[in-house]
Amino acid sequence: MPKAGDKEKAKVKVNVKERVVDESCDLSLSELSEIPVREIASFKRVTVLDLSSNRLVSLGKNFATLTRLVKLDLSKNQIRFLPEDFGQLEQLRHLDLYNNCLEHLPLSFGQLRRLRYLDLKGNPLTPAWEKIVGRCSTLKDCQQAAKNTVNICANYKPEFLERERLAAQQMAGSGDSNSVQANGGGGAAGKDKQGKAVKPNNKKAKAKKISEAGDNELTIKPVNAAGGSPSGAGGAATKTNQKSNQKKKKGNSWSKLLSRSALSSLMTFILLFIFNAVVIYMIMFKNPEIADKLVEYIPHQYRDWILTKTEIFRLRVTDWISEFRTPPEEH
């Protein structure tokens, strides 16, 4: 007789080959409790993976080997944590973690430099991560959440995020601390059966204070790549200065292009004018026969007007040439 666990495993098995279409693999609504990483990795062309609406609690140990993924949908599961090497998915651009059980994100998120979309709605995040991620109610919010999360995980000191781990441990051991306080009778210090005073265990209280300080410092104290800690106003000022410098550079480049184009157009106009003047002079004064032949192709209604204008132009040119050729003594 097969056991109940064997029946559940038989239900979980999915033929991955049938779910692969072009570059996408759709494993949604498959009641999966484990991800078939080896089967998916065998299809090297798969860059889009849909694992939504399953029974996943974790991604497993080898999930980070799927380094070709560009879009990943893990929404509507019960995922409680992401693996520490999740940042190896450096090609990832779209990540959907809607409606899971995540409280923290791994440090390796700082390696996801190409991430442009991150949805973390419906997750019980800590207050610090809620401030960083935001609402994620619109497409713009999800894009900003991806940018903020990657920048913070890449630029913050490890001590601040280590306090996030202490907070998780504190939440896990909150039940034990409550039982200890109940046995103590609610006083500052309890007594054992022999009547001796017992000092309260302050280690967990200290860890709680450290975790709260970590939440505040995680959102307030950014650290740049060089290891300094500039204030938010200084960072905003530097950004505005960079934008203004970029605008100035663009304006200078446009002015240079306009000046070059204006100079080139002026030179071409002058050359064309000189060329036309030389051609007219050669035709009218050196080869009058060619001029007479050209006149025959002019329509009758415009011929008289053009001839009068050309004659006036010819007389002026001859006068100007004669004055130019005569020496100044005769003038």
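Quick caveat, the model's predicted, so the values are computed rather than measured. (Residues numbered from 1 in each chain as written. Predicted model: local features only at pLDDT ≥ 70, side-chain atom pairs only at ≥ 80, totals over all residues. Heavy atoms only, no water.)

Peer 1: Where do I start with the overall build of the protein in this structure?
Peer 2: Helices and strands together make up the secondary structure of the protein, namely 11 helices and eight strands. Each of the 331 residues in the protein was classed as buried or not, and the buried ones make up 27%. Considering only contacts within the protein whose residues lie at least 6 apart along the sequence, 43% involve residues at least 24 apart. (Helix = DSSP H or I, 4+ residues; strand = E, 2+ residues; numbered from the N terminus. Buried < 20%, exposed > 50% of the residue type's maximum accessible area, 1.4 Å probe, protein only. Contact = heavy atoms within 4.5 Å.)

Peer 1: Help me out: how do you make sense of the packing of aromatic side chains in this one?
Peer 2: Aromatic rings in a pair are described by how distant their centres are and how their planes are angled relative to each other. For the coordinates displayed, the defined rule picks out one aromatic pair. On the numbers, 5.6 Å between centres and 15 degrees between planes, the contact of phenylalanine 86 with phenylalanine 109 is stacked. In this pair, phenylalanine 86 sits in the loop between strand 4 (71–73) and strand 5 (94–96) while phenylalanine 109 sits in the loop between strand 5 and strand 6 (117–119), placing the two residues 23 residues apart along the sequence. Overall, phenylalanine 109 belongs to the buried group, its relative accessible area being 0%. (Phe/Tyr/Trp six-rings, centres within 6.5 Å; stacked < 30°, edge-to-face > 60°.)

Peer 1: Honestly, the side chain of aspartate 96 in this entry has me stumped. Any pointers?
Peer 2: Among the structural elements, aspartate 96 can be located in strand 5. Lysine 121 provides the closest opposite charge to the buried, salt-bridge-free aspartate 96, at an N-O distance of 6.5 Å. Ignoring sequence-local partners within four residues, the contact set of aspartate 96 consists of Leu72, Asp73, Leu74, Ser75 and Asp119. (Lys, Arg positive; Asp, Glu negative; His and termini not counted. Salt bridge = Lys/Arg side-chain N within 4 Å of Asp/Glu carboxyl O.)

Peer 1: Quick question: what am I supposed to make of the sheet that holds strand 1 (residues 20–21) here?
Peer 2: Each strand in a sheet pairs with its neighbour through backbone hydrogen bonds, running either in the same direction (parallel) or in the opposite one (antiparallel). The six strands are arranged 1-2-3-4-5-6 in an open sheet whose pairing can be described as mixed. The open sheet has two free edges, formed respectively by strand 1 and strand 6, since each of these has just one partner strand. Bridge analysis of strand 5 against strand 6 gives three bridges, and the strand direction is parallel. Its bridge partner being in strand 6, aspartate 96 is matched across the sheet by aspartate 119. (Pairing = 2+ DSSP bridges.)

Peer 1: Explanation requested: the confidence of the model for the protein in the structure shown.
Peer 2: Regions with low pLDDT should not have their predicted coordinates read in detail. Averaged over every residue, the pLDDT of the protein is 75; residues scoring 70 or more account for 66%. Scored below 50 in pLDDT, residues 1–11 shows one contact in the model against residues more than four places distant or in partner chains. (pLDDT = per-residue confidence, 0-100.)

Peer 1: Looking at this structure, how should I read the pattern of salt bridges?
Peer 2: Close approach of charged atoms allows side chains with opposite charge to pair. Using the criterion set out here, one finds two salt bridges in the structure. With a closest N to O distance of 4.0 Å, arginine 55 and glutamate 31 form a salt bridge. Separated by 24 residues along the polypeptide, arginine 55 in the loop between strand 3 (48–50) and strand 4 and glutamate 31 in the loop between strand 2 (24–26) and helix 3 (37–41) bring together distant segments of the chain. In this structure, lysine 121 engages aspartate 119 in a salt bridge whose closest nitrogen and oxygen atoms are separated by 2.9 Å.

Peer 1: Which parts of the structure should I look at to understand the environment of leucine 51?
Peer 2: If you trace the backbone, leucine 51 turns up in the loop between strand 3 and strand 4. With relative accessibility at 0%, the residue leucine 51 sits in the buried group.

Peer 1: What is the right way to read a nonpolar patch on the surface from this model?
Peer 2: A surface patch of nonpolar side chains, amounting to about 820 Å² of accessible area, comprises Leu263, Leu266, Met267, Phe269, Ile270, Phe273, Ile274 and Val278. Locating valine 278 in the fold gives a position in helix 9 (residues 232–286). (Patch = residues over 30% accessible without salt bridge, like charges linked within 9 Å, V, L, I, M, F, W, Y side chains within 5 Å. Areas by Shrake-Rupley, 256 points an atom, 1.4 Å probe, with all protein chains shown as cover.)

Peer 1: Any chance you could explain the side chain of threonine 47 here in plain terms?
Peer 2: Within the secondary structure, threonine 47 sits in the loop between helix 3 and strand 3. Apart from the residues lying within four places of it in its own chain, the contact partners of threonine 47 are Glu23, Arg68, Leu69, Val70 and Lys71.

Peer 1: Could you clarify how one ought to interpret a positive patch on the surface in this entry?
Peer 2: Residues Lys147, Lys243, Lys247 and Lys250 make up a contiguous surface patch of positive charge. When residues in the positive patch are grouped by element, the largest group, three residues, is from helix 9. Its place among the elements puts lysine 243 in helix 9. Taking relative accessible area as the criterion, lysine 243 reaches 55% and is therefore assigned exposed. (Charge placed at Lys NZ, Arg CZ, Asp CG, Glu CD.)

Peer 1: Sorry, what's going on with helix 5 (residues 139–155) here?
Peer 2: Between the first and last C-alpha of helix 5 there are 25 Å, a value that for 17 residues agrees with the 24 Å anticipated at 1.5 Å per step. Here helix 5 has its buried residues at Cys142, Ala145, Ala146, Thr149, Val150, Ile152 and Cys153. (Expected span 1.5 Å × (residues − 1).)

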